[in-house]
Amino acid sequence: MFNGDLLGFVTPWNNHGYDVAKTFGAKFNYISPVWLQLVPTSQGTFKIKGGHDIDAGWVRDVRANNTNVKIAPRLIFEQWSMGHLTQVTSSQSELLHMVQVVVEFFKGEKFDGVVLEIWRQFMGREKPRLHQIIKSLSEGLSQEGMSTLLVIPPGVRPFPEIFDKYDFQILHPYVEKFVMMTYDHHHATGKPGPVGPMDWGLRNILLIMEHEDNDNHRHKLLYGVNFYGVDFRGDGTFDAIVGNQYIDMLKSVKPSQFVWHLKASELSFEYRDTKQIHKVFYPSLRFLQKRIEAAERFKIGIAIWEIGQGLDYFYDLL
């Protein structure tokens, strides 16, 4: 059983995640449904979209199974330009308006916090302005008893270091948890390979911990773990796969051999269809156990993207 903090993302396009959150909700400290977008309007104001996806009955069910869980929907900054970022941080009234829009919406829905996704959209440019927005939102939410969590991108090659140890040092007084996206490694390499190789993931954690002050706040880091896999085709294309697709694939192709990638701590197999060779990576119990052990060794938490994509017996380890 994992003894650190655990966050699970839930997406509206994968209904199984809603069931997992209710069935295994007692294992989680945070549940983050991927519902909401903060968008600027032509009138210079801001609005939150995605409210039609909110399922208040499901939220009640999740809380009924775990009275201590925090429901903290993800809020992604969409359709923002550098001009919007400059404008809102150059005007105290506009900044306060933006904070008010977010705080009143989340308070009205009786949420416990928010998972902000803003950093990757700006590729780490204008960092002081990003710091200002995150601090202001955190202060406004905190006044209403709500938590602020922040999604941060990986910073070890093949990804650029756009969030670093100094950003962590500046923001940790305002952010309850930092959710590190230590997956989608294949998107950066463009080649078949592990989805979230563990050796690379842990180097990302160590990069943040290099600063002495940050080491004292390592408990605020959540190590991102993918519960999805990827089917790489010989023609260079690939698709993400989830648990039921993986089971159907195993039944259909009956792979004769699996390969354990030691450094990455990931499992793969190959098969051939009528046209080409496929290479498939998907999480396993050993994959998950290795990451749990690493998180416990580093005294950090885990964030799962996303809980409906895995196999239900994964939760026996959590």
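Structure report, in brief. What you see is a predicted model, and the numbers here were worked out from it, not measured in a lab.

Let us now look at the overall build of the protein. Broken down by element type, the protein carries eleven helices and 16 strands. The principal-axis extents of the C-alpha atoms in the protein amount to approximately 65 × 40 × 40 Å. Within the protein, buried positions represent 55% of all 318 residues. For the protein, the proportion of contacts with a sequence separation of at least 24, taken over those separated by at least 6, is 73%. Total accessible area on the protein stands at roughly 14100 Å², and carbon and sulfur atoms take up 49% of it. Separation between the mean location of the 34 positive side-chain charges and that of the 36 negative ones in the protein comes to 3 Å.

Once that is clear, we can look at the nonpolar core. Counting 83 residues, the largest nonpolar core has Ile-31, Met-98, Ile-133 and Leu-150 as its most contacted members. Element by element, the count of residues in this core is highest for helix H4 (residues 92–108), at seven residues. Ile-31 has contacts with Gly-8, Val-10, Ala-21, Trp-58, Val-62, Val-69, Lys-70, Ile-71, Ala-72 and Ile-307, leaving out every residue within four places of it along the chain. With 19 residues, the next largest nonpolar core counts Leu-7, Met-181, Val-230 and Phe-281 among its residues.

For helix H3 (residues 82–90), the set of buried residues is Leu-85, Val-88 and Thr-89. One side of H3 holds all its buried residues, which, seen down the axis, span an arc of 95°. Those residues of H3 hidden inside the fold are in contact with strand E4 (46–49), H4 and helix H5 (127–143).

Right, let's talk about the pattern of salt bridges for a bit. Going through the model one piece at a time under the given rule, you end up with 15 salt bridges. Between Asp-167 and Lys-127 there is a salt bridge; the shortest N-O distance is 2.7 Å. Here Asp-167 is found in helix H6 (residues 165–171), whereas its partner Lys-127 is found in helix H5, with 40 residues between them in sequence. As a salt-bridge pair, Glu-210 and Lys-165 come within 3.1 Å of each other at their nearest N and O atoms. Taken together, the residues span a long stretch of sequence, with Glu-210 in the loop between helix H8 (198–209) and helix H9 (212–215) and Lys-165 in helix H6 at a distance of 45 residues. Taken together, the shared-partner salt bridges in this structure form one network comprising Arg-74, Glu-117 and Arg-120.

Attention now moves to the sheet that holds strand E9 (residues 177–180). Ordered in space as E4-E3-E6-E7-E8-E9-E10-E16-E1-E2-E5, the eleven strands form an open sheet in which the pairing is mixed. The open sheet has two free edges, formed respectively by E4 and strand E5 (70–71), since each of these has just one partner strand. Examined bridge by bridge, strand E3 (residues 36–40) and strand E6 (residues 74–77) share three bridges and lie parallel to one another. Looking across to E6, one finds that Gln-37 is bridged to Ile-76.

To continue, consider the packing of aromatic side chains. In the structure shown here, the tally under the stated rule is 25 aromatic pairs. Pairing Trp-35 with Trp-58 gives two aromatic rings, centres 5.8 Å apart and planes at 75°, and the pair type is edge-to-face. On the criterion of sequence distance, the pair formed by Trp-35 in the loop between strand E2 (30–33) and E3 and Trp-58 in helix H2 (residues 56–65) is long-range, its members being 23 residues apart. One aromatic cluster in this structure is built from Phe-24, Phe-28, Phe-227, Tyr-246, Phe-258, Phe-269, Tyr-271, Tyr-282, Tyr-313, Phe-314 and Tyr-315.

This next bit is on unusual backbone geometry. Across the junction of Arg-157 and Pro-158, the peptide omega takes the value 15°, indicating a cis bond. Tracing the backbone through its elements, the reader meets Pro-158 in the loop between strand E8 (147–152) and H6. At Gln-79, a residue that is not glycine, the phi angle is positive and equals roughly 65°. Along the chain, Gln-79 falls in the loop between E6 and H3.

Backbone-to-backbone hydrogen bonds pair the strands of a sheet. The strands run either parallel or antiparallel. With respect to topology, five strands assemble into an open sheet ordered E12-E11-E15-E14-E13, the strand pairing being antiparallel. Among the strands making up the open sheet, the edge pair consists of strand E12 (238–241) and strand E13 (259–261). Averaged over all adjacent pairs, the angle separating strand axes in this sheet is 25°, with direction ignored. Inspection of the sheet shows strand E14 (residues 266–272) paired to strand E15 (residues 277–281) by five bridges, in the antiparallel sense. Each bridged residue has a counterpart across the sheet, and for Glu-270 the counterpart in E15 is Lys-279.

Reading the values: rules and limits
- Residues numbered from 1 in each chain as written.
- Predicted model: local features only at pLDDT ≥ 70, side-chain atom pairs only at ≥ 80, totals over all residues.
- Heavy atoms only, no water.
- Helix = DSSP H or I, 4+ residues; strand = E, 2+ residues; numbered from the N terminus.
- Buried < 20%, exposed > 50% of the residue type's maximum accessible area, 1.4 Å probe, protein only.
- Contact = heavy atoms within 4.5 Å.
- Areas by Shrake-Rupley, 256 points an atom, 1.4 Å probe, with all protein chains shown as cover.
- Lys, Arg positive; Asp, Glu negative; His and termini not counted.
- Charge placed at Lys NZ, Arg CZ, Asp CG, Glu CD.
- Core = buried A, V, L, I, M, F, W, Y, C linked by side-chain atoms within 4.5 Å.
- Arc of directions from axis to C-beta.
- Salt bridge = Lys/Arg side-chain N within 4 Å of Asp/Glu carboxyl O.
- Pairing = 2+ DSSP bridges.
- Phe/Tyr/Trp six-rings, centres within 6.5 Å; stacked < 30°, edge-to-face > 60°.
- Axes fitted to C-alpha atoms, helices over the stretch in contact; angles between N-to-C directions.

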